[in-house]
Amino acid sequence: MDDSLRRTIRDYYANPEYVRAAADHAISSRAKRLPVLEEYLPPKGLTVEVGCGAGVYSDLCPRYVGLDISLTALRELRARGGLGVCCDIANIPLRSGIAGAVLSFDALEHVYEPDRVLQEVSRILEPGGRAILRDVWLKTEKHGGWLPRELRKKLGNLGSRVMRLWRELTGDYDVAYSRISPDYSQVGGDHDAVSRIDAHSVYRFFRRRGFRSLNEHRNPIARITRLWTRHRHWVVVEKRPAAQR
């Protein structure tokens, strides 16, 4: 990524209008997400939120650190009483094994290298720690191409399902994502999305690293069926102790 693009991205996420819109969306979604967090969020330990924005969920955790590229957003987090660190979430400045939980809401589709972010999530989690990820998986571009967006979405999802079968057959455990074109001239509405990520590959990525799924089907038949079904928005995994991997 060149310096010009880095500046564009930093300026975009530092825009108070964007920070406000993102916080409003997080607040409106909070009630729907709370039951999942209440079920899976550990009661103790450090919770790290990657791409935290204004830190709408910081009050749920007794020990919380939010990571974001936007200083404007982190000022909002500080006003809520939370602790924030300004950084690129593909290079997290925290030591390995420090976190009891890592949260991410609607952030991965906005980074150019989501696989590196997930590697960092895996690194900073302690044994027994949990990653709780909620994203817009298989995001479709809002612009570009001569086909209608809904048709492009259906064709893209069909291709992703075929590739899931291929990954199962070949033993591919990499994070499967493709690039989509952002529009940094518009604020909100996910116009800034840059990555189309298949959540099934995210499960496989963590499984290869010794994690266990907490919300994915364990029945072998159901796991085969899920390869052809639409994925739910949540990925929740737990890092096993080294002796159990």
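Coordinates for the structure precede this section.
The following refers to the structure shown.

Rules used throughout
- Residues numbered from 1 in each chain as written.
- Predicted model: local features only at pLDDT ≥ 70, side-chain atom pairs only at ≥ 80, totals over all residues.
- Heavy atoms only, no water.
- Helix = DSSP H or I, 4+ residues; strand = E, 2+ residues; numbered from the N terminus.
- Buried < 20%, exposed > 50% of the residue type's maximum accessible area, 1.4 Å probe, protein only.
- Contact = heavy atoms within 4.5 Å.
- Axes fitted to C-alpha atoms, helices over the stretch in contact; angles between N-to-C directions.
- Parallel < 35°, antiparallel > 145°, perpendicular 65-115°, else oblique.
- Left-handed = near helix turned anticlockwise from the far one by under 90°.
- Nonpolar A, V, L, I, M, F, W, Y, C, P; charged D, E, K, R; others polar.

### Looking at the environment of C61
Okay, so step 1: Within the fold, C61 resides in the loop between β1 (47-50) and β2 (64-68).
Okay, so step 2: Given a relative accessible area of 8%, C61 falls into the buried group.
Okay, so step 3: When the C-alpha atoms of C61 and E17 are compared, they prove to be 27 Å apart, with 44 residues separating the residues in sequence.
Okay, so step 4: Sequence-distant contacts of C61, that is, excluding residues within four places in its chain, are made with L41 and T47.

### A short note on unusual backbone geometry
Okay, so step 1: The backbone of D106 shows a phi angle near 50°, a positive value even though the residue is not glycine.
Okay, so step 2: Its location among the elements puts D106 in the loop between β4 (99-105) and α4 (114-124).
Okay, so step 3: D106 sits in the buried class, given a relative accessible area of 15%.
Okay, so step 4: Its identity as a non-glycine residue notwithstanding, L138 has a phi of 50°, on the positive side.
Okay, so step 5: You can see L138 is positioned in the loop between β5 (125-134) and α5 (149-170).

### A closer look at the packing of α4 against helix α6 (residues 199-208)
Okay, so step 1: Across the interface, α4 lies against α6 with an axial gap of 11 Å and an inter-helix angle of 40°. Taken as axis vectors, α4 and α6 run oblique relative to one another. Along this stretch, α4 crosses α6, giving a crossing that reads as right-handed. Packed against α4, whose contacting residues are D115, L118, Q119, V121 and S122, the element α6 presents V202, F205 and F206 at the interface.
Okay, so step 2: By residue class, the composition of the contact of α4 with α6 is 5 nonpolar, 2 polar and 1 charged.

Everything listed here is a matter of geometry and, on its own, says nothing about what the molecule does.
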